[in-house]
Amino acid sequence: MTEIEQAVATPQATPQATPQADPPHTAPNPQDAATRGRWPGSKADRTALLIWFFWHVATYIYMVLAAPGRTEAPFLDRLTPWDSDNFIAIAQFGYDGSPGMPDAPKLTAFFPGMPLLLRYLHVIITDWSLAIVLVSLVASAVVAVALSRLSESFREGTGTWTVLAFFLSPFAVFMLAGYSEALFLALAIPAWLLARRGRWEAAAVCAALASSVRISGLFLAAGLAVQFLVAENGLRATGWRKAAWLALPGVPVLAYMAYLHSRTGDWLAWKHAEAEYWGRYAVSPKEAFLNTWHRSLEVGVLQTSYREEMIAGAVLVGLILLELARRRWGNVAYLAPQAVALLAMSSFYMSVGRASLLWWPLYLAVGITGARRPWVFMAYLAIAAPVMAINVGNFTTGAWVG
């Protein structure tokens, strides 16, 4: 824990910085400035993209090797099960679902950002499965560069380590699959980086787009709002004139709720669909944990998955406590609502592991620490990489993970 605490400590803070705020953006390296006119702009960016590229190559190879004896499904079908089918159904037929779809009401649980993007892409990419996989492919490249730049803004030379930590996450398979995590992060991490640079209007626009993809956009908005209050380049530098922008991420959510009300008469139809079809309704944290534990004993085929969920929940709680100790109030405001939603607003732990991809303070901590103390990164690698590989194999051969 001490090593990770040191990782997120403010490097080379100016005398004027308060302990509540993130440090101002680090001055660019002169070598980076010399290459600014060339895309992607810096050595760190190019390295991030190389990690993204070769990680995809490695996981595609592993997918091929894992298939014999386990699945004969076509390649794209292995990357587009479950939620991917729902996104595609909405893109094709709207929230009524395909003709005769018996469980069409569940589709309201999925926010419209991804289906709308798929509908527009369908003009040039007629294969729906290919389109949604390409969204994740391109979005994950954006994530790699943005996460590297965010890490570099804390400590120069750490971007590579942080991006490696992210793509070695046990649940990184969802950067391959036709799910919404990659698209959300491709908007959310740039929003956070823009806020660190004092570009609050642009940050709010990115966060609003993220809110159209996942309800997690509201958690991002909460983090940005708190960051605006405590950061040196926020309220104290600009006054209240930019604060109104931070309400923008709520607009897509309200618009979607109004749309659902016009269709169903229920403002919270998306939440009620989650409760009915996925058991996402409020219980005590103790009950949610015990329900998950019992499921891990009773449902043998999902035993490992449920235990991964519990470990991920423990990591989230530990990360929040760490951020509280370091007075990273913006991070706490982003992470704490996720803990409530994942650990207390569901009858058992579901998709907690998958949600860990959204916890970029975790990967920053690992990356920044690993840059200074490689043995810490090696320890992370020894744990995370094998689990990541196993989950890639399991997910792409028909088993649920995360």
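Every chain is numbered independently, its residues counted from 1 as its sequence is written. Residue-level local features of this predicted model are given only where pLDDT is at least 70; pairs of side-chain atoms are given and counted only at 80 or more, and the full residue set underlies all totals for whole chains, interfaces and linings. Just so you know, side-chain values use all the structure's heavy atoms and leave hydrogens and water out.

A. Layout of the packing of aromatic side chains. Each aromatic pair joins two rings of Phe, Tyr and Trp (for Trp, the six-membered one) with centres within 6.5 Å, and gets the label stacked for planes under 30 degrees apart, edge-to-face for over 60, and tilted for any other angle. One pass over the full model with this rule turns up 29 aromatic pairs. Between F111 and Y256, the ring centres sit 5.0 Å apart and the planes meet at 50°, which makes this aromatic pair tilted. One end of the pair, F111, is in the loop between helix 5 (83–93) and helix 6 (113–121); the other, Y256, is in helix 13 (residues 250–264), with 145 residues separating them in the sequence. Accessibility assignment for this pair places F111 and Y256 in one class, buried. Relative to F167, the ring of F166 lies with its centre 5.2 Å away and its plane at 85°, an arrangement referred to as edge-to-face. Helix and strand definitions here come from DSSP, where helices need a minimum of 4 consecutive H or I residues and strands a minimum of 2 consecutive E residues; each element is numbered from the N-terminal end. Any residue under 20% of the maximum accessible area for its type is buried, any over 50% is exposed, and the rest in between are partly exposed; the area is computed with a 1.4 Å probe on protein chains only.

B. The arrangement of the pattern of salt bridges in detail. In what follows, salt bridge is the name for a side-chain nitrogen of Lys or Arg lying within 4 Å of a carboxyl oxygen of Asp or Glu. For the structure on display, the rule yields nine salt bridges. Between R354 and E181 there is a salt bridge, and its shortest N-O distance comes to 2.8 Å. Taken as a pair, R354 in helix 18 (residues 352–355) and E181 in helix 9 (residues 181–196) lie far apart in primary sequence, 173 residues in all. E181 shares its class with R354; the two are buried. E274 is the salt-bridge partner of K271, the closest N and O atoms lying 3.7 Å from each other. Residue K271 and its partner E274 are located together in helix 14 (residues 269–278), separated by three residues, close to a single helical turn. The network of salt bridges with shared partners includes D83, E181, R214 and R354.

C. Helix 15 (residues 285–298), seen in detail. To estimate the expected span of a helix, subtract one from its residue number and multiply by 1.5 Å. Taking 1.5 Å per residue as the helical rise, helix 15 with its 14 residues ought to reach 20 Å, and the 20 Å between its terminal C-alpha atoms agrees with that figure. Buried within helix 15 we find A288, T292 and S296. Down the axis of helix 15, the buried side of the element spans an arc of 75°, and every buried residue falls inside it. Facing away from the buried surface of helix 15 by more than 90 degrees, the exposed residues are K286 and E298. Each element contacted by the buried residues of helix 15 is listed here: helix 16 (303–325) and helix 17 (329–343). The arc in question is the one spanned by the directions pointing from the helix axis to the C-beta atoms. Note on contacts: a residue pair qualifies if any of its non-hydrogen atoms lie within 4.5 Å across the two residues.

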